[in-house]
Amino acid sequence: MVIKIKLATKIFKRNDWYVTSPFGSRAPIKTKKGITTNFHNGCDYGTNGEKWGQYALENGKILSCGIASDGAKFIWVNYPRINKKILHYHLDSICVKTGQEVHEGLLLGYTGSTGMATGIHLHLGMKNSNGGEYEDPHNYDYQLKNINHSETSKIDLIEIAYEVIAGKYGNGKTRIDKLTNMGYNASDVQKIVNEIKNKELKGTNFYMVKKDDTLIKIAKKFGTTWEKLYELNKDIIGNNPDLIKIGQILKY
Ligand SMILES: [Zn+2]
C-alpha cells in the first residue's frame, strides 16, 4: 500500500489550507505593483490570514534562503530521495540557514506576505533537483517515506476501519480530512470499511480479526463461546484455534 498526500498538507502539518491561485494561471493577478499577467510558476496556498509554520518534508538541505529582489523572503530546499527542490516564497520569517541539513518536521519558517503579495500565503514552487522547468506542486503526490508493504499497514487500517464504523471520524469530507491528516489513505480505509459492512449485510454476521484479538475475546463480544466460533470457522482457522490471523473474516 502506498500513501500519498499533498505537499501542502505535509508542509503545514494540517490540511485546512486552500488554493488561492493555481499553477500556470495566466489570469491577471493584482499585486502591490499593479496588475500582472505573468505565468504563475507555483501554487498559492491561503492560510486564513494566519502565519502558519512551514516544515521540512523529510531529509534534505537548504540550497539557499534570504530575501529576493522583490523583497520576498524565500527558502529553496532540496530533497534527494524524491529528486525535487521546493521553493517556499513570501515567508514572514526564516528559521534555517543556507547549507543547513533538515529533517522531517523541522520548522523552516512562517507563512507571510513579504514581497509582491496581497495577503498572507505560501507560494510553493517545485523543480527537479537538477533544475529544469517549474512543475505544478499541487499536482504532485508526495509519497510518505517509511511505508512498508508488510502486514503492519493492514493491521493499522483494520483498526482504523473499526473506529470509522464506530463513528469516531464522522462522515464525508470531515472523515477524509481527519484520516488524511493522520497520514492514512482514506480510500484504502474505506475499502476495508466496505468489506466489513458488505459481509455484514449478507445475513450471516461476519467479523474481521484485528490486532490483539483472540477467539475468546471475539466470542465474548458476540455473546457466544469460542468453541462455537471455532466450529463455525474451522475451515478458515485451520487446526489450531489459537492461530487466528489479523484480517481473517470470521462468521459468528
Ligand atoms: Zn504565487
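Residues numbered from 1 in each chain as written. Predicted model: local features only at pLDDT ≥ 70, side-chain atom pairs only at ≥ 80, totals over all residues. Heavy atoms only, no water.

Trainee: How do you make sense of the overall build of the protein chain when you look at a structure like this?
Mentor: Counting secondary structure elements, the protein chain contains six helices and 17 strands. Expressed as a percentage of its 252 residues, the buried residues of the protein chain come to 40%. Intrachain contacts of the protein chain at a sequence separation of at least 6 include 60% that bridge at least 24 residues. As presented, the protein chain carries roughly 13,300 Å² of accessible surface, and 50% of it is formed by carbon and sulfur atoms. (Helix = DSSP H or I, 4+ residues; strand = E, 2+ residues; numbered from the N terminus. Buried < 20%, exposed > 50% of the residue type's maximum accessible area, 1.4 Å probe, protein only. Contact = heavy atoms within 4.5 Å. Areas by Shrake-Rupley, 256 points an atom, 1.4 Å probe, with all protein chains shown as cover.)

Trainee: Help me out: how do you make sense of the pattern of salt bridges in this one?
Mentor: Think of it this way: side chains of opposite charge can pair up when their charged atoms draw near. A full pass over the atoms with the stated rule returns nine salt bridges. Salt-bridge contacts for D141 lead to K6; the nearest nitrogen and oxygen are separated by 3.9 Å. One end of the pair, D141, is in strand β15 (residues 141–143); the other, K6, is in strand β1 (residues 4–6), and 135 residues separate them in sequence. (Salt bridge = Lys/Arg side-chain N within 4 Å of Asp/Glu carboxyl O.)

Trainee: I tried to follow the pairing of strand β13 (residues 121–128) on my own but got confused; where do I start?
Mentor: Consecutive side chains along a regular strand alternate between the two faces of the sheet. With seven of eight residues buried, β13 is to be regarded as a mostly interior element. Across four bridges, the pairing between strand β5 (residues 43–46) and β13 is antiparallel. The residue bridging G46 from the neighbouring strand is H121, located in β13. Bridge count for strand β9 (residues 84–91) against β13 is six bridges, and the pairing is antiparallel. Of the residues in β13, the one forming a bridge with Y89 is H123. Hairpin connection between β13 and strand β14 (residues 131–135): a loop of two residues separates the two successive antiparallel strands. (Pairing = 2+ DSSP bridges.)

Trainee: Hey, could you run me through the pairing of strand β12 (residues 107–110) in this one?
Mentor: As paired elements, strand β6 (residues 53–55) and β12 share three bridges and run antiparallel to each other. In the strand pairing of β12, Y55 is matched with L107. Across two bridges, the pairing between strand β10 (residues 93–94) and β12 is antiparallel. The residue bridging I94 from the neighbouring strand is G109, located in β12.

Trainee: Where do I start with the coordination of the zinc ion in this structure?
Mentor: In an ideal tetrahedron of four donors about a metal, each angle is 109.5 degrees. In an ideal octahedron of six donors, the angles are 90 or 180 degrees. Bound to the zinc ion are the protein donor atoms H40 (NE2), D44 (OD), D44 (OD) and H123 (ND1), situated 2.0 to 2.7 Å from the metal. In this structure, the zinc ion is surrounded by four donor atoms whose angles at the metal cover 52 to 151°, and the resulting shape is irregular. One chain supplies every donor for the zinc ion, spaced along it as H-x3-D-x78-H. Taken together, the residues H40 in the loop between β4 (34–36) and β5 and H123 in strand β13 connect sequence positions 83 residues apart. Exposure remark for H40: the relative accessible area of 8% places this residue in the buried category. (Donors = N, O, S within 2.8 Å, 3.2 Å for Na, K, Ca; no water. Tetrahedral: all angles 85-135°; square planar, octahedral: opposite > 155°, others 65-115°.)

Read these as layout, nothing more, since geometry by itself doesn't imply function.
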